[in-house]
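As a plain string of letters, each chain reads:
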Amino acid sequence: VSVEDILENLAMQIKSEKVSRFNINRADIWDGALHGFKRSSFDPIKSLSSVECLRSTVEVHATMLMIAGCLCHVIRELSDKDKIVEDYLKWYFFTRNAACIQRMKQNPSGFMKYFCFSEKKITAEIIENLFKAEFSQPGSNRRQEELRIAAYWADYLLDIEGKTSFAEPSLEDILMFSTGVSSIPPIGFHPKPTVNFLHNESPYPIAQTCTNSLSIPIHKTYDKFKYHMNFGILNSPGFGQH
């Protein structure tokens with residue numbers, strides 16, 4: 001199993017409807033984390049105000065607490081919650097992650113690119129391979145036009161890679177316009193980026209950053225295609241969202 005598969009599987013388990021906000025300063029990450037951990041909204045087992053509520057909450061989360069070894073505590077009074085919380089946090093941050101931490105220590109180079117930033121130069125070839133083209137039915141008039149524009153797209157990326165003017169976007173600008181980020185995440189994009197074609201819809205490119213979808217315009221000449229691509233990307237607010 002690859003590291004990408006592991007991280008993708010973990011990402012699928014994130015419940016976006018239950019979010020605890022942490023305000024982090026890169027210069028002092030631990031201090032911001034402590035503020036978040038101490039906030040009552042982060043720890044509902046901790047903010048309970050009665051024994052009945054404590055017992056009810058323990059019952060709701062019995063499976064996880066049993067895995068953590070916290071159900072051995074007999075709840076007689078409200079202060080018993082402190083020991084439950086303490087034991088659970090020790091399990092959550094140390095015991096639960098022990099095997100993962102050990103594997104990371106055994107193979108640090110395998111995890112380095114996922115935890116340590118390393119700026120990788122984006123090339124025209126990388127962008128072209130990253131975006132899968134969505135073509136119309138083979139043999140159709142639209143398909144023939146799209147193949148011509150796909151060649152314009154490939155040429156455009158090469159021109160941008162070797163750009164000499166600030167009047168043109170960079171490859172990072174194109175990626176930002178299309179996906180909302182200026183670099184490729186270590187585990188890639190989900191969903192995978194696509195490029196499709198605008199037939200008589202807009203002379204300028206349109207992006208849907210939620211789906212990592214880039215729609216490029218149809219033009220009769222490459223120069224017109226390049227001009228409208230440049231103008232659309234450089235003058236679009238909000239990452240190019242339509």
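Residues numbered from 1 in each chain as written. Predicted model: local features only at pLDDT ≥ 70, side-chain atom pairs only at ≥ 80, totals over all residues. Heavy atoms only, no water.

Trainee: Explanation requested: the state of the cysteines in the structure shown.
Mentor: Simply put, the disulfide is a covalent bond whose two ends are the sulfur atoms of two cysteines. This structure, assessed with the given rule, holds zero disulfides. Left without a disulfide partner, Cys53 is nearest to the cysteine sulfur of Cys70, which lies 19 Å away. (Disulfide = S-S within 2.5 Å.)

Trainee: Explain the packing of aromatic side chains to me, please; I cannot follow it from the model alone.
Mentor: The description of an aromatic ring pair rests on the distance of the ring centres and on the angle between the ring planes. Across all of its chains, the model carries eleven aromatic pairs by this definition. Between Tyr88 and Tyr92, the ring centres sit 5.9 Å apart and the planes meet at 35 degrees, which makes this aromatic pair tilted. You can see Tyr88 and its partner Tyr92 sitting in helix 5 (residues 80-95), four residues apart, about one turn around the helix. Tyr92 sits in the partly exposed class, given a relative accessible area of 32%. Plain terms: the ring middles of Tyr152 and Phe225 are 5.8 Å apart, the flat faces sit at 50 degrees to each other, and that makes the pair tilted. With Tyr152 in helix 9 (residues 141-161) and Phe225 in helix 11 (residues 222-234), the pair connects residues that are 73 residues apart, well separated along the chain. For the pair Tyr152 and Phe225, a shared accessibility class is recorded, and that class is buried. (Phe/Tyr/Trp six-rings, centres within 6.5 Å; stacked < 30°, edge-to-face > 60°. Helix = DSSP H or I, 4+ residues; strand = E, 2+ residues; numbered from the N terminus. Buried < 20%, exposed > 50% of the residue type's maximum accessible area, 1.4 Å probe, protein only.)

Trainee: Hey, could you run me through the pattern of salt bridges in this one?
Mentor: Any two side chains of opposite charge can pair, on the condition that their charged atoms come close. For the structure on display, the rule yields six salt bridges. For Lys83, the salt bridge goes to Asp87, with nearest N and O atoms at 3.4 Å. With Lys83 and Asp87 both in helix 5 and four residues apart, this pair spans about one turn of that helix. A salt bridge links Lys90 to Glu86, with the nearest nitrogen and oxygen atoms 3.2 Å apart. Here Lys90 and its partner Glu86 are both found in helix 5, four residues apart, which amounts to about one turn of the helix. A single network of salt bridges, built from pairs that share partners, joins Glu145, Arg148 and Lys220. (Salt bridge = Lys/Arg side-chain N within 4 Å of Asp/Glu carboxyl O.)

Trainee: What is the right way to read the sheet that holds strand 4 (residues 213-217) from this model?
Mentor: Spatially, four strands are ordered 1-2-4-3 in an open sheet, and the strand pairing comes out mixed. At either margin of the open sheet sits one strand with a lone partner, and together these are strand 1 (132-133) and strand 3 (206-208). Of the strands in this sheet, strand 3 and strand 4 touch helix 10 (residues 171-179), which is tilted by about 60 degrees from strand 3. (Pairing = 2+ DSSP bridges. Contact = heavy atoms within 4.5 Å. Axes fitted to C-alpha atoms, helices over the stretch in contact; angles between N-to-C directions.)

Trainee: Explain the environment of Phe94 here, please?
Mentor: Here Phe94 lies in helix 5. With relative accessibility at 59%, the residue Phe94 sits in the exposed group. Measuring from C-alpha to C-alpha, the distance between Phe94 and Gly180 comes to 35 Å, with 86 residues separating the pair along the chain.

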